[in-house]
Amino acid sequence: MPKRVDHAERRTEIAEALVRVAARRGLHTVGMRDVAAEAGVSLRLVQYYFQTKEKLLLFGLEHLAEKFGERVSARVRAAGDSPGPRAMVEALLMAALPTDEESRSFHHVYTSYAVLAVNDRALAAQPFIRNPDAAEHALTSLIRQAQEAALLEPGVDAQLEASGLLAMSAGLGTSILVGQRSPESAAAVLEHHLNRIFRTGDGAD
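Note that the structure is predicted; figures quoted are calculated from it, not measured. (Residues numbered from 1 in each chain as written. Predicted model: local features only at pLDDT ≥ 70, side-chain atom pairs only at ≥ 80, totals over all residues. Heavy atoms only, no water.)

### Things to note about the overall build of the chain
The criterion, for reference: In this description a helix means any DSSP run of H or I spanning at least four residues, a strand means any run of E spanning at least two, and both kinds are numbered starting from the N terminus. For each residue, the accessible area found with a 1.4 Å probe, counting protein chains only, is set against the maximum for its type, and the residue is called buried under 20%, exposed over 50%, and partly exposed in between. Contact criterion: two residues are considered in contact whenever any of their non-hydrogen atoms come within 4.5 Å of each other. Per-residue and other accessible areas were derived by the Shrake-Rupley procedure at a 1.4 Å probe size, with only the shown protein chains allowed to occlude residues. Positive charge is attributed to Lys and Arg, negative charge to Asp and Glu, and no charge count is given to His or to the chain ends. Charge placement uses NZ in Lys and CZ in Arg. For Asp and Glu, CG and CD serve respectively.
Across its full length, the chain holds 11 helices and 0 strands. With respect to the three principal axes, the spread of C-alpha positions in the chain is 60 × 40 × 30 Å. Scored against the burial criterion, the 205 residues of the chain give a buried share of 38%. Residue pairs in contact within the chain that sit at least 24 positions apart in sequence constitute 63% of those at least 6 positions apart. Within the structure as shown, the chain displays about 11500 Å² of accessible surface, and the carbon and sulfur contribution to it stands at 52%. In the chain, 23 side chains carry a positive charge and 26 a negative one; their mean positions are 9 Å apart.

In structure tokens:
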């Protein structure tokens, strides 16, 4: 009896191969043949699942988004059974920093997608690039929760702080990638700014 193929698993394996080779060489240089070699499968199999490089890139982008969500969820779980708003904010921001091999690959490849999207309408139309408001809305909601619980300093504008923190996190991530600062230094910068808007003392976490 022939072995049953898990097509979803096979597509995921190919997407992970795309991310690995793109992290090493840069997304703009990667072809379907490179991904096939990285995945240990034939070029014909990659073409069977994705038909074109564009479709492969789009699926790879979806895969990155899913992995990022898992990373945020893992950080939230690590914060305890009932993490407060600040712990949730830290989980979201810290997940985007390239502090290990997986997150370095994520930041590198996602940044490459963003650069390619400047001149690629199909990529630019994807939700993960076209609608960065999703992360901003989530962070704004968390900051407002903290505000309603009297955990913030007075006068904080939740939406402005959310957009600023996300921009800061992205910039810090790039500075880590290029060797300008260490992950510890970047985390300290984020911590400093969170200390500026969150009240100190019991319940601030």
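Read on, since the account is not over.
### Some points on helix α4 (residues 53–78)
Put simply, the test is: The span expected for a helix works out to 1.5 Å for each residue beyond the first.
A rise of 1.5 Å per residue sets the reference length of α4, with its 26 residues, at 38 Å; its end C-alpha atoms lie 37 Å apart and thus fit the reference within 8%. Listed as buried for α4 are Leu56, Leu57, Leu58, Phe59, Gly60, Leu61, His63, Leu64, Phe68, Arg71, Val72 and Val76.

### Considerations on the nonpolar core
Heads up, the condition is: Among the buried residues, those of types Ala, Val, Leu, Ile, Met, Phe, Trp, Tyr and Cys that are joined through side-chain atoms within 4.5 Å form a nonpolar core.
Tyr113 and Ile143 are the most contacted members of the largest nonpolar core, which totals 55 residues. With 9 residues, the single largest contributor to this core is α4. Non-local contacts of Ile143, meaning those with residues more than four positions away in its chain, are made with Val89, Leu152, Val156, Ala158, Glu161, Ala162 and Leu165.

### Digging into the packing of helix α9 (residues 133–148) against helix α10 (residues 158–177)
Selection rule: Here, axes are lines fitted to C-alpha atoms. For helices the fit covers the stretch in contact, and angles between N-to-C directions go from 0 to 180 degrees. Angle categories: roughly parallel below 35 degrees, roughly antiparallel above 145, roughly perpendicular from 65 to 115, and oblique for all the rest. Crossing handedness is defined as follows: a turn of the near helix away from the far one that is anticlockwise and smaller than a right angle gives a left-handed crossing, while the clockwise case is right-handed. Amino acid classes used here: Ala, Val, Leu, Ile, Met, Phe, Trp, Tyr, Cys and Pro are nonpolar; Asp, Glu, Lys and Arg are charged; the rest, including Gly, are polar.
At their nearest, the axes of α9 and α10 sit 8 Å apart, and the two run at 130° to each other. For the element pair α9 / α10, the angle class is oblique. In this structure, α9 crosses over α10, and the sense of that crossing is right-handed. On the side of α9, the interface is formed by Ala135, Glu136, Leu139, Thr140, Ile143, Arg144 and Gln147, while α10 contributes Ala158, Gln159, Glu161, Ala162, Ser163, Leu165 and Leu166. Of the residues in the contact of α9 with α10, the class split is 7 nonpolar, 4 polar and 3 charged.

### Remarks on unusual backbone geometry
With glycine set apart, most residues show a phi of negative sign, and most peptide bonds adopt trans. Positive phi outside glycine occurs at Gln51, with the angle close to 60°. Relative to the elements of secondary structure, Gln51 occurs in the loop between α3 (43–50) and α4. Given a relative accessible area of 43%, Gln51 falls into the partly exposed group. Its identity is not glycine, yet Ala150 carries a phi of approximately 60°, on the positive side. Note that Ala150 resides in the loop between α9 and α10.

### Describing the pattern of salt bridges
To keep it simple, the criterion reads: Between Lys or Arg on one side and Asp or Glu on the other, a salt bridge is scored when a side-chain nitrogen of the former is within 4 Å of a carboxyl oxygen of the latter.
Under the definition given, this model contains 9 salt bridges. When the shortest N-O distance is used, the salt bridge between Glu70 and Lys67 registers 3.7 Å. Placement of both Glu70 and Lys67 in helix α4 is noted, with a separation of 3 residues, approximately one turn of the helix. Across the pair Arg86 and Glu191 runs a salt bridge whose closest N-O atoms are separated by 2.9 Å. In this pair, Arg86 is assigned in helix α5 (residues 85–95) and Glu191 in helix α11 (residues 183–197), connecting sequence segments 105 residues apart. Taking the relative accessible area as the measure of exposure, Arg86 reaches 5% and is therefore buried. When its relative accessible area of 33% is taken as the criterion, Glu191 is described as partly exposed. Here the residues in one salt-bridge network are Arg20, Arg24 and Glu38, joined through shared partners.

### Considerations on the packing of aromatic side chains
Put simply, the rule reads: For Phe, Tyr and Trp, rings pair up if their centres lie within 6.5 Å, where Trp contributes its six-membered ring, and each pair is then called stacked (planes under 30 degrees apart), edge-to-face (over 60) or tilted (otherwise). Any Lys NZ or Arg CZ that is within 6 Å of a ring centre and within 35 degrees of that ring's normal is treated as a charge sitting over the ring.
Following the criterion strictly, the structure yields 3 aromatic pairs and no others. Aromatic side chains Phe106 and Tyr110 sit 6.0 Å apart centroid to centroid with 5° between the ring planes, which places their arrangement in the stacked category. Of this pair, Phe106 and Tyr110 both sit in helix α6 (residues 101–117), separated by 4 residues, roughly a single helical turn. By relative accessible area, Phe106 is classed as buried at 13%. Across the ring face of Phe59, the terminal group of Arg11 is positioned such that the distance to the ring centre comes to 4.5 Å.

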